[in-house]
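Report on the structure
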Amino acid sequence: MQFFHQTSSCFLQTLVKKYRVFSPMPRFQELPINFGRAIFATSYRSAEREDSKVHEPGSSTWYSRKRDENKRKERTRKDGFLPQAYNMFAAGAAKKRSVISGEEEQPVISTKKEVHFPPPENPLSLEEWEELKGKYDGYQIFEVFMLLQMIDYNRSIDVAKSLLAAVAKRDGDIHYKILLQYLHLCVSQQQTKEIYDMFDIMRMKFKTLEKSASTLLIKGLSNSPHWRDALTVLQQIKKQKVMTPTSRNYRDCIKAAIMNQEINLAWKLFHELLAEGLTPTMDTLQLFFDTGKSVQNDHWTNELIYILRYLRDNQIYPGEDLVHSIKQWFESDPGEKWQGNITTIKKSGQCLSCNQTLESLQLTPEEYNILKEKIMKDVIEGADTFRKTTPEELEQFRKFVDRHSPFDIVIDGLNVAKTSVRFNSSEILLEVVDCLAQQNLRLLVLGRKHMLSGTSQWKKKNMAAMSRKATFFFTENESEDDPFLIYAALHSGRHCKFITRDLLRDHKACVSDSLIQHLFFKWQRSHQMVLSVYVPKEIVRFEPVMTYDTIVQTTGDSWHIPYDERLEERTSYEVPTKWLCLRKK
Ligand SMILES: [Zn+2]
């Protein structure tokens, strides 16, 4: 490796000699924590976006924009009928729900300030820069702002150099923040030589590099003939131990290794990334599948299958681009004759393309016991979710459940009754209870004490009619009902389902263990019923619970891979509805 290459013509080296640039600057590790981060974070993200645009040419045929538009229209249509039938765990359901209820569940707040000033097109002198600075007074560091604008407007690097020269002439020094944005500009324009010179200078001046500079250097160097230096920077980050590399740092290095045909190195880096506890980016995985199409050997096959198992074990769903690459990789093997189809799954759990039944969502008895013990313990030991109840009420409830369980269905009474404000609360609840009682199910209705007050919404005669068909427990008006619901359902056993439209997110957030979180979500999806259609005195219909698990799965000669559609917004508690079905011909 050429460690100190010739930089005689280098602009920055000249500045260093002439003005002793950088010398009074603090060492990187002495810089304040937030140093440069705010400026850097926003602007670097936009550079990343540019990247993803150029990735995977030809993939635009993969989806139809028109189809997505139709779907959007469908989603925003307000249905007069109460309430729309939907699966609350299906991708996009939260969005749909927020449109129906007229409230955004997760508002998207744009923090990017839209300020645009065209920077000069040609290099300026110190005097000219000072004059310009006067016009834009008020920006904390004018030069940083200007360099960011140069990135946006893709200005010639000579303009930036003239700015740096002016600063050096004026101050005898160049502030680190300014230098960082200059590096940012070089990286965004892939000015390989400048990037390498910056690397040289930084290595000479500073013992260690902070995160922004490291990330920029890795990105810039990995795209150049000096790509091995990107690995050096990566290893330095690891060695320092004050910060960890990001999965994007690894992505850049892996990409460089693959582009330079250092395949074993690429896989070594990939396993190192996983060992660091990082989640690989989708395009890292895609890179391996795309490269795999032209490398037909057992080692590659095993590694790519390893990736698919990794997705399964971590409940990660590939994006549309990645699943497209996975499909192409399977189909590229001339010996195996795989065929891939995009499909959806019937409610029964059968694949519409091949008719195979997918893995069951039911927890095994062992899994159920693990979940039950952990959750019940949390509840009883007074975890956060129960802080709104009193120990007395909790004890009373425990005794009550012991005496009356097991139940077949636990109903969140208030939640069901409030499904629509257009109908009378107690009438909705009465009809739901009636409907289920006809099926000889043992019902528990959780309510609040105010429901007994005999108001127009809570008619006494309706409450009395219900009490003959179901067991009731009324909590204090201030108590949260989620934990009561979960406790009673789990205590009743594996068969017991529960009815609420609530997502129980608060409760899930309290479970820190990822295995328990996974089991809880699985249990929720397979046990939660939602009142989906209600017409007074006519129809009471529930959305059937899911029967199949939405997870990457294989039987050896078939693979079923759920994936996220490009324009579908899916929240963490929803699962994709689209699948890639792969079968051997
Ligand atoms: Zn199938």
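Numbering of residues starts from 1 in every chain and runs along the sequence as written. Given that this is a predicted model, residues contribute local features only at a pLDDT of at least 70 and side-chain atom pairs are listed and counted only at 80 or more, while totals for whole chains, interfaces and linings are drawn from all residues. To get the side-chain values, all heavy atoms of the structure are used, and hydrogens and water are removed first.

**Remarks on the sheet that holds strand 1 (residues 338-343)**
Quick note on the threshold: A pair of strands is considered paired only if DSSP assigns at least 2 bridges between the two. Helix and strand labels come from DSSP, where a helix needs a run of H or I of at least four residues and a strand needs a run of E of at least two; each type is numbered from the N terminus.
Taken in spatial order, the four strands of this open sheet run 1-10-9-8, and their pairing is antiparallel. The open sheet terminates on both sides in strands that have one partner only, identified here as strand 1 and strand 8 (553-554).

**Things to note about the packing of helix 9 (residues 192-205) against helix 10 (residues 211-222)**
Convention followed: For helices, the fitted axis covers only the stretch in contact; all axes are lines through C-alpha atoms, and the angles between them, taken along N-to-C directions, range from 0 to 180 degrees. Under this scheme an angle from 65 to 115 degrees is roughly perpendicular, one under 35 degrees roughly parallel, and one over 145 degrees roughly antiparallel; angles in between are oblique. The handedness criterion is simple: a crossing whose near helix is rotated anticlockwise from the far helix by less than a right angle is left-handed, and one whose near helix is rotated clockwise is right-handed. Note on contacts: a residue pair is in contact if any heavy atoms of the two residues lie within 4.5 Å.
Direction vectors running N to C along helix 9 and helix 10 enclose 140°, while the axes themselves pass 10 Å from each other. Our classification of the angle between helix 9 and helix 10 gives oblique. The two elements helix 9 and helix 10 meet at a crossing, and its hand is left-handed. For the pair formed by helix 9 and helix 10, the contact residues are Ile195, Tyr196, Phe199 and Met202 on the first element and Ala213, Leu217, Gly220 and Leu221 on the second.

**With respect to the coordination of the zinc ion**
As a reminder of what qualifies: Coordinating N, O and S atoms are those within 2.8 Å of the metal (3.2 Å for Na, K and Ca), and as water is not part of the atoms, a site may appear to have fewer donors than expected. For every residue, the accessible area (1.4 Å probe, protein chains only) is compared with the maximum for its type, and the residue is labelled buried under 20%, exposed over 50%, or partly exposed between those bounds.
Each protein donor to the zinc ion is listed here as Cys351 (SG), Cys354 (SG), His560 (NE2) and Cys581 (SG); together their distances run 2.1 to 2.3 Å. All donor residues of the zinc ion come from one chain, and their arrangement in sequence is C-x2-C-x205-H-x20-C. Of the two residues, cysteine 354 sits in the loop between strand 1 and helix 17 (365-380) while histidine 560 sits in strand 9 (residues 558-563), which places them 206 residues apart along the sequence. Here cysteine 354 matches histidine 560 in class, with each residue buried.

**Some words on the pattern of salt bridges**
Side chains that differ in charge, positive against negative, can pair when their charged atoms come close. Which entries qualify depends on this criterion: We define a salt bridge as a contact between a side-chain nitrogen of Lys or Arg and a carboxyl oxygen of Asp or Glu at a distance within 4 Å.
As enumerated under the stated definition, the model contains 24 salt bridges in all. In this structure, arginine 251 and aspartate 283 form a salt bridge, with 2.9 Å as the shortest nitrogen-oxygen distance. Here the residue arginine 251 occupies a position in helix 12 (residues 247-259), and aspartate 283 occupies one in helix 14 (residues 282-292), the gap between them amounting to 32 residues. Assessed through its relative accessible area of 6%, arginine 251 is described here as buried. Overlapping salt bridges, with partners in common, bring together Glu130, Lys133, Glu143, Arg170 and Asp171 in one network.

**Side note on the packing of helix 14 against helix 15 (residues 298-313)**
Convention followed: By the convention adopted, Pro, Cys, Tyr, Trp, Phe, Met, Ile, Leu, Val and Ala count as nonpolar, Lys, Arg, Asp and Glu as charged, and the other residues, Gly among them, as polar.
Contact pair helix 14 / helix 15: the axes reach a minimum separation of 11 Å and the direction vectors enclose 150°. It follows that helix 14 is roughly antiparallel to helix 15 by the angle criterion. Of the two elements, helix 14 crosses helix 15, and the hand of that crossing is left-handed. For the pair helix 14 and helix 15, contact is made by Leu285, Phe288, Phe289, Thr291 and Gly292 and by Trp300, Leu304, Ile307, Leu308 and Leu311, respectively. Grouping the amino acids of the contact of helix 14 with helix 15 by side-chain chemistry returns eight nonpolar, two polar and no charged.

**A few points about the environment of leucine 441**
With respect to the helices and strands, the residue leucine 441 is situated in the loop between helix 20 (425-437) and strand 3 (443-448). Leucine 441 sits in the partly exposed class, given a relative accessible area of 24%.

**Quick word on helix 9**
Quick reminder of the rule: Under the convention used throughout, the expected extent of a helix is 1.5 Å for every residue step, that is, one less than its residue count.
Taking 1.5 Å as the rise per residue, helix 9 with 14 residues should run 20 Å; its terminal C-alpha atoms sit 20 Å apart, in good agreement. The complete set of buried residues in helix 9 reads Glu194, Ile195, Tyr196, Asp197, Met198, Phe199, Asp200, Ile201 and Met202.

**Notes on the pairing of strand 9**
Burial runs high along strand 9: six of the six residues are buried. Alternating positions in strand 9 separate into two faces, Ser558, His560 and Pro562 on one and Trp559, Ile561 and Tyr563 on the other, with burial throughout. Summarising the sheet, strand 8 and strand 9 pair through two bridges and their orientation is antiparallel. Residue pairing across strands places glutamine 553 opposite histidine 560, the latter belonging to strand 9. Taken together, strand 8 and the strand that follows it, strand 9, pair antiparallel across an intervening segment of three residues, in which glycine 556 is found at a positive phi of about 100°.

**Some remarks on the environment of methionine 198**
Tracing the backbone through its elements, the reader meets methionine 198 in helix 9. Using a relative accessible area of 0% as the deciding quantity, one classes methionine 198 as buried. Residues methionine 198 and leucine 180, 18 residues apart in the sequence, show an inter-C-alpha distance of 9.6 Å.

**Some points on the packing of aromatic side chains**
The line we're drawing: For Phe, Tyr and Trp, where Trp contributes only its six-membered ring, two rings pair if their centres lie within 6.5 Å, and the inter-plane angle classes them as stacked under 30 degrees, edge-to-face over 60, or tilted in between.
On inspection of all chains with the given rule, the structure shows 22 aromatic pairs. Both rings, one in phenylalanine 397 and one in phenylalanine 400, keep their centres 6.3 Å apart while their planes meet at 20°; by these two values the pair is stacked. Residue phenylalanine 397 and its partner phenylalanine 400 are located together in helix 18 (residues 391-404), separated by three residues, close to a single helical turn. Just as phenylalanine 397 is buried, phenylalanine 400 falls in that class too. Summarising the aromatic geometry, the rings of phenylalanine 423 and tyrosine 534 are spaced 5.6 Å apart at their centres and angled 80° between planes, so their arrangement reads as edge-to-face. With a gap of 111 residues between them, phenylalanine 423 in the loop between helix 19 (413-417) and helix 20 and tyrosine 534 in strand 6 (residues 528-535) connect regions that are remote in the sequence. Here phenylalanine 423 falls in the partly exposed class, since its relative accessible area comes to 21%.

**Describing helix 13 (residues 263-275)**
Here helix 13 contains 13 residues, and its C-alpha end-to-end distance of 19 Å stays within 8% of the 18 Å for a straight helix at 1.5 Å per residue. Every buried residue belonging to helix 13 is among Ile263, Leu265, Ala266, Trp267, Leu269, Phe270, Glu272, Leu273 and Leu274, and all of these are buried. Those residues of helix 13 hidden inside the fold are in contact with helix 11 (227-240), helix 12, helix 14 and helix 15.

**As for the confidence of the model for the chain**
Our working definition: Here pLDDT means the predictor's own confidence in every residue, given as a number from 0 to 100.
Overall, the predicted model of the chain reaches an average pLDDT of 79, with 77% of residues at or above 70. Taken together, the stretch residues 20-85 has pLDDT below 50 and engages in 115 contacts with residues farther than four places along the chain or on a different chain.

**Quick look at the nonpolar core**
Here is the rule: As used here, the term nonpolar core means buried Ala, Val, Leu, Ile, Met, Phe, Trp, Tyr and Cys residues forming a set that is joined through side-chain atoms within 4.5 Å.
Grouped together as the largest cluster of nonpolar side chains are 87 residues, with contacts concentrated most on Trp129, Met146, Met150, Met202, Ile254, Phe288 and Ile326. By residue number, the principal contributor to this core is helix 8 (residues 176-188), which donates nine residues. Val416, Val432, Val433 and Met463 belong to the second-largest nonpolar core, a separate cluster that totals 28 residues.

**Some thoughts on the sheet that holds strand 6**
The mixed open sheet is built from six strands, whose spatial order is 4-3-2-5-6-7. Of all strands in the sheet, those with a lone pairing partner are strand 4 (471-475) and strand 7 (539-543), marking the two edges. Neighbour-to-neighbour, the strand axes of the sheet open up by a mean angle of 25°, direction not taken into account. In this sheet, strand 5 (residues 497-499) lies alongside strand 2 (residues 409-412) in parallel orientation, the contact comprising three bridges.

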